[in-house]
Every structure is written in C-alpha cells, then in structure tokens.
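What follows is each chain in one-letter form.
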Amino acid sequence: MAEKFKKILIANRGEIALRIIRTAREMGIKTVAIYSTADRESLHVRFADEAVCIGPPSSTDSYLSIPKIMAAVEITNADAVHPGYGFLSENADFAEICTEYGVKFIGPRPEQIRQMGDKITAKDTMIKAKVPVVPGDGELLKSVADGLEQAKKMGYPVIIKATAGGGGKGMRIINKPDEFQKAWDSARAEAKAAFGNDGMYMEKYIVEPRHIEIQIIGDQFGRVIHLSERDCSVQRRHQKLVEECPSPFMTDELRQAMGEAAIKAGEAINYEGVGTVEFLVDAERNFYFMEMNTRIQVEHPVTEEVIDHDLIKEQIKIAYGERLGEDNYYPKGHAIECRINAEDPWNNFRPSPGKITSFHSSKGHGVRVDTHVYAGYTIPPYYDSMIAKLIVRAPTREEAITKMERALNEFIIEGVKTTVPFHQWLMKQQDFRDGNFDTGWLGQQKLPEGK
Ligand code: MV4
C-alpha cells in the first residue's frame, strides 16, 4: 500500500473546501488552501495549515487557472490535490497534469473522467456494459434530416443533447417535426459557446421522470460497491434544491436493480474513487442511465448520514491505495438536505450577495450544517450562491421532515435573502410530504408572491 499523503492542496473554495480540511485534519494530513482576493476572509483560508492567494476574483484567473494552482502545489510541496466539486473537478487535463507533475489527483484517472465527460462515449460504454439506457442509438446526429428520420422512428417527444453537455446545457425537447430546426440551431449554438463542441445526439424523451442517483465507490483493485441512492427530483432549472435518502419512491427490488446497474457502470470503466451514477426513473419504475459524475457531489452528506461513513475520508484512502473491505452498506433511517442559497426565492431565485449581518445556525440532535459563512462574512457575487447545507437525520421520513421544519425555523441569516423560506414552504406541501413529486413538480407549483 502506498503511504498516506502528507499535505493536500484543496483546489476549491467555500463549504466544500472546509469540509475537506476537516477530514484531512482528522486523518493527520496537512492542508493548503488556495484563494482569490475575493475570498481573503473565508474560513477555508483560516482553517487550512497554509494558504496561497492565486489571483483576482474571476474564476478563470483563480480557481480555474491550472498554471496558478500548479504553482501553488510547487511552492507548498503538496503531494495530493483535492478538486472538490465544480471548478476543475471533472477536468481530465487537470487530473493528467497533476499526475505528470507527480502529485495525486484525488479522484478518478483522467481517462475515466474523459470517458464519462463525453456523453455519447458514456452511453456507448453503458450499452456495452448492459446498463439500461434511454431508447436512442447514442450516435452523433449528422443533420436535421438525419434527426427528423430518427425522431420519426422513435416517436415524439424526443430530446436532443450535447455530447459535451451535462446538467441541462445544450439540451432541447422536441414535440413535433416543425420544432426541430429551431431546437437544433439553438442547442448547437448553446453547446458551441459553452463547450466548444456542438456534437448532438437524440433520445426518446422520458416525461416527468424522477432523478435518482446511486453513490458508488471503486478502489484501485477493481472492486466497486454502491452506497444506495439519493432522490434529487426537487430541482429548478437543473439546480437541485433538496436531496434525500432513501428515495420515497424506492423499493427494495428497485434499489437492488439500480445498485447492480450502477456497479456494472463503475466496473465497466474500472472506476477509481467516489462517483455518482445518475438515472431517470419513470412512473413504472423503469430506470435509465443518464450520466455519471466523476467527483464528490454537493449532496454527499445525505449518504454520509444514512450510511454513517465519511465519504471524503473514503476518497482520500482510495487515492492512496487502500482496498475497499468486504462490507455492503445499507441506509439506516432517513436524511434530507436543503440547500441554503443566497437567493430571493419569491423573486425568481434572484442572487442576493452581500454582507451577512446576523447568523445563527440550526443545532440539536440529528442536525448538521455544512457552511463556510458566519456573521460579518460578505458573500462575493462572483461564485455559486450556495452558502450552507442543512442536513437532518431521523429514523423515518416523517420525523426527518418534522426535524427539518424545526431546524429551518431556528436558522437565522440576516442581511441577505436566502432560500430558507422556500424550504419552509416546501416542507408544508402535501405532495412533498407524500413523496409525490418528480423533476417537473416544482415548475408546476405556484410559489408564494414576492414581498
Ligand atoms: C432527459 C429527460 C427526459 N428524457 N433525457 C436534465 C439534465 C441532463 N443531465 C439530462 N436531463 C434530462 N434528460 C431524456 N431522454 C429529462 C431530463 C431532465 C431532468 C433530469 C434530471 C433532473 C431534472 C431534470 C429536469 C428537466 C429535464
């Protein structure tokens, strides 16, 4: 077994940087924070053993700048890099540069990131591995004529997706042939601008699916296990707002089948690290591979709470070559996460950066808050608007909802608008309480009026 790391550089900011520092500290590993000039006052800078300023606020010149990050690795002598989520976490070139430089990228190998980053390649890999995929051959569309022909065979509605995409960008739903040209032009333009690649493919459109994802872990010796699911169906414009485990839609049979499919997906690429296999699940509980995320995700605490394992610790141990044990894992109790964003939920979730004048985090049994903010902290306008994750755990879903309501009621954040009132509203909705929602549900609701 390789030796454990002496010093990890965290190529990220915010709550996830802090989250990684906490585990590294518990493991006796030193940490290096990097920060932009907008993040001087951030807790990740204060709590890391060392901190290096890497540039101005703009992400392109700081958290996305590979040369600057590699310079910070060089001067601090870090022997591993943790990319967190977002930023460079799924950038295969960055993983490769780390490897060439002789520092361990805490995550999968570059070719695994590439294989899942290109959605046509990913789908093809899944078909070969006998993981269920959405109908549609997963071939590059050649032209509008080619697309119209395929759509006719498949039956409308269809969806066209960018092969370089993910998370909803460069995607269009098409209900009838005369919508094709416009959807094709706008999706390709969007994909070209966002990814520099306008390759598109087509699938049958699954109407109002649930988004259920399976957490997996693979070690360097070919063993892959799953840690059950997270239901992320409550989302708005591809932004998840609430995640939970177990899914209220789950059955033992479905978990078994989806878990096995996710393991096959991981085994097909010899996956190393923690990863998430995302599925669409229709009303008849048919499930289809959607994409695989090759990083730690925002919502990982939901799994940590019901599985009772530290996923960042698992990531680090796998990266330095530890073997997974023989255990299987089952969720115990119920966990729910509410993402607290600095946004005004009653005004189209408009971002609300600025100074937090007063801050009191929810506390008590079964309550966890992952956050980098505090009273007096100024939320910069340059980055993601997520400022905290409120996670509760209780024996049943009903008790978890009750606890979440209690915890939301005692969360005080003043000076900026937050999504706390949205979550208070959500917890009261009968459909939510009944587990009766899919990815379309929130968009169909009438939210309370703006004040
Ligand atoms: C779909 C789909 C229905 N049918 N593919 C959205 C993000 C991207 N990863 C893929 N997405 C979807 N793909 C087929 N064939 C519906 C969605 C989708 C969705 C998926 C998960 C969570 C929220 C969503 C919201 C709208 C559409």
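## A closer look at the pattern of salt bridges
At step 1: For the coordinates displayed, the defined rule picks out 40 salt bridges.
At step 2: Glu-213 is paired through a salt bridge with Lys-240; the nearest N and O atoms lie 3.1 Å apart. Placement of the pair is Glu-213 in strand E9 (residues 210-218) and Lys-240 in strand E12 (residues 239-240), with a sequence separation of 27 residues.
At step 3: Overall, the relative accessible area of 0% leaves Glu-213 in the buried class.
At step 4: Residue Lys-240 is classed as buried on the basis of its relative accessible area of 13%.

## So, the nonpolar core
At step 1: Judged by nonpolar contacts, the single largest core of 37 residues is most densely connected at Ile-340, Leu-390 and Leu-426.
At step 2: Taken together, the elements giving at least two residues each to this core come down to strand E16 (334-341), strand E21 (367-371), strand E23 (386-394), helix H12 (397-409), helix H13 (420-428) and helix H15 (441-444).
At step 3: Filtering out sequence-adjacent residues up to four positions away, Ile-340 remains in contact with Ser-385, Met-386, Ile-387, Ala-388, Leu-390, Leu-408, Phe-411, Ile-413, Thr-418, Thr-419, Val-420 and His-423.
At step 4: One finds Ile-20, Ile-217, Val-306 and Tyr-320 within the second-largest nonpolar core, a separate group that totals 34 residues.

## Focus on the packing of aromatic side chains
At step 1: The full count for this structure, using the stated rule, is 12 aromatic pairs.
At step 2: On the numbers, 5.4 Å between centres and 90° between planes, the contact of Phe-279 with Phe-287 is edge-to-face. Neither Phe-279 nor Phe-287 differs from the other in exposure class; each is buried.
At step 3: A network of ring pairs unites the aromatic residues Tyr-63, Phe-87, Tyr-382 and Tyr-383 as a single cluster.
At step 4: Arg-210 extends its terminal NZ or CZ atom over the ring of Phe-437, reaching a point 4.9 Å from the ring centre.
At step 5: Positioned above the aromatic ring of Phe-432, the side-chain terminus of Arg-397 is 4.8 Å from the ring centre.

## Section: the side chain of Lys-161
At step 1: Relative to the elements of secondary structure, Lys-161 occurs in strand E6 (residues 158-166).
At step 2: Relative accessible area serves as the criterion here: at 10%, Lys-161 is assigned to the buried category.
At step 3: Looking at Lys-161, its side chain comes within polar contact range of the side chain of Glu-203, at 3.0 Å.
At step 4: Setting aside chain neighbours within four positions, we find Lys-161 in contact with Gly-170, Met-171, Gly-199, Met-200, Tyr-201, Glu-203 and Met-290.

## Some details on unusual backbone geometry
Working note: non-glycine residues mostly have negative phi, and peptide bonds are mostly trans.
At step 1: The omega torsion across Tyr-156 and Pro-157 is -5°, close enough to zero to call that bond cis.
At step 2: Mapping Pro-157 onto the fold places it in the loop between helix H7 (144-154) and E6.
At step 3: Across the junction of Cys-245 and Pro-246, the peptide omega takes the value -5°, indicating a cis bond.
At step 4: Structurally, the position occupied by Pro-246 is in the loop between strand E13 (242-245) and helix H9 (252-268).
At step 5: Of note in this structure, Phe-87 is not a glycine but carries a positive phi near 35°.
At step 6: Relative to the helices and strands, Phe-87 resides in the loop between strand E4 (80-82) and helix H4 (92-101).
At step 7: You can call Phe-87 partly exposed: its relative accessible area is 27%.
At step 8: Look at Ser-228: it is not a glycine, yet its phi comes out positive at around 65°.
At step 9: Within the element layout of this structure, Ser-228 appears in strand E10 (residues 224-231).

Rules behind the numbers
- Residues numbered from 1 in each chain as written.
- Predicted model: local features only at pLDDT ≥ 70, side-chain atom pairs only at ≥ 80, totals over all residues.
- Heavy atoms only, no water.
- Salt bridge = Lys/Arg side-chain N within 4 Å of Asp/Glu carboxyl O.
- Helix = DSSP H or I, 4+ residues; strand = E, 2+ residues; numbered from the N terminus.
- Buried < 20%, exposed > 50% of the residue type's maximum accessible area, 1.4 Å probe, protein only.
- Core = buried A, V, L, I, M, F, W, Y, C linked by side-chain atoms within 4.5 Å.
- Contact = heavy atoms within 4.5 Å.
- Phe/Tyr/Trp six-rings, centres within 6.5 Å; stacked < 30°, edge-to-face > 60°.
- Lys NZ or Arg CZ within 6 Å of the ring centre and 35° of its normal.
- Polar contact = N/O pair within 3.5 Å; in protein donor to acceptor, adjacent residues only side chain to side chain.

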